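# Results of the structural survey
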Amino acid sequence: MIYSFSNSGFRDPETGVYNQTYFMEVFNREWHRHIRDHQSLALLYLCPHIHGTISQPQLLELFMKQVQDALLRTSDLLARLDNQSFALGIFETDASGTKIVIDRVENRIADFNRIYQKETHAEISYELTGCICYPSSNVYLETLFETVEQQSLRMRNNQAFNDRLVSL
């Protein structure tokens, strides 16, 4: 039997995307590389609302497959953080590049919802928010995650704000 990294302990068993441990390890490494190379990166949080009352097996996996397919660069990462949220690491990007990725993700989700709505007369809602920054020695990685988490909580609590992508 040949061992496959695509099915290893790096993956979330329910969705097939990377798990939090792997994501944090790679993101930390990329953070330090971006400090050295003076490049910006983005961290996005995606929170799909798939309730336990929906009785379709593998629905979350199918949904996240669409999100994964929207990430065209192999360097970009998608991972499950917890039961309610996923993280997207977009590396070597600027604000306009990040907005392109956000638009692509939202278009893939809209396509998924059109098909899903035909079958079930329902759609999956979600929040997508993030932060772009230039890592440096006076900007801490934890600050980036805290900023995106606060932005995500504001969205979940329906607090109005102008843009889903902020700069740090």
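To start, this report covers the structure provided alongside it.

About the thresholds
- Residues numbered from 1 in each chain as written.
- Predicted model: local features only at pLDDT ≥ 70, side-chain atom pairs only at ≥ 80, totals over all residues.
- Heavy atoms only, no water.
- 1 Å grid on protein atoms, 1.4 Å probe; cavity = no way out; pocket = protein on both sides within 12 Å on 5 of 7 lines; lining within 4 Å.
- Points joined across faces, edges and corners; volume = space filled by probe spheres on them.
- Helix = DSSP H or I, 4+ residues; strand = E, 2+ residues; numbered from the N terminus.
- Nonpolar A, V, L, I, M, F, W, Y, C, P; charged D, E, K, R; others polar.
- Core = buried A, V, L, I, M, F, W, Y, C linked by side-chain atoms within 4.5 Å.
- Buried < 20%, exposed > 50% of the residue type's maximum accessible area, 1.4 Å probe, protein only.
- Contact = heavy atoms within 4.5 Å.
- Salt bridge = Lys/Arg side-chain N within 4 Å of Asp/Glu carboxyl O.
- Pairing = 2+ DSSP bridges.

Computed from the structure, the second largest pocket encloses a volume of approximately 160 Å³. Sort the elements by how many residues they give to the lining of the second largest pocket and helix α1 (residues 20-37) lands first, with three residues. A per-class count over the lining of the second largest pocket returns eight nonpolar, three polar and three charged.

To continue, consider the nonpolar core. Ranked by size, the top nonpolar core spans 25 residues in total, and within it L46, F63, M64, V67, L78, L88 and V105 carry the most contacts. Mapped onto this core, the elements with two or more residues apiece are β2 (41-49), α2 (59-70), β4 (86-90), α3 (95-120) and β5 (125-133). Excluding residues that lie within four positions of it along the chain, L78 makes contacts with V17, Y18, M64, V67, Q68, L71, F86, A87 and L88. Core analysis: the second largest hydrophobic core is formed by 19 residues, L41, L43, A79 and V148 among them.

Moving on, we come to the pattern of salt bridges. Applying the stated rule across the entire model yields ten salt bridges. The shortest N-O distance in the salt bridge between R36 and D37 comes to 3.3 Å. When its relative accessible area of 56% is taken as the criterion, R36 is described as exposed. Taking the relative accessible area as the measure of exposure, D37 reaches 33% and is therefore partly exposed. When salt bridges that share partners are traced, they join E30, R33, R36, D37 and E92 into one network.

Across the two faces of strand β3 (residues 77-80) the burial is the same, with L77 and A79 and L78 and R80 all buried. Where strand β1 (residues 18-19) meets β3, two bridges bridge the pair, whose relative direction is parallel. Across the sheet, the residue bridging to Y18 is A79, located in β3. Bridging between β3 and β4 involves four bridges; their strand directions are antiparallel. Paired with R80 across the strands is F86, a residue of β4. As consecutive antiparallel partners, β3 and β4 are separated by five residues.

Any functional reading would require information beyond the geometric quantities listed.
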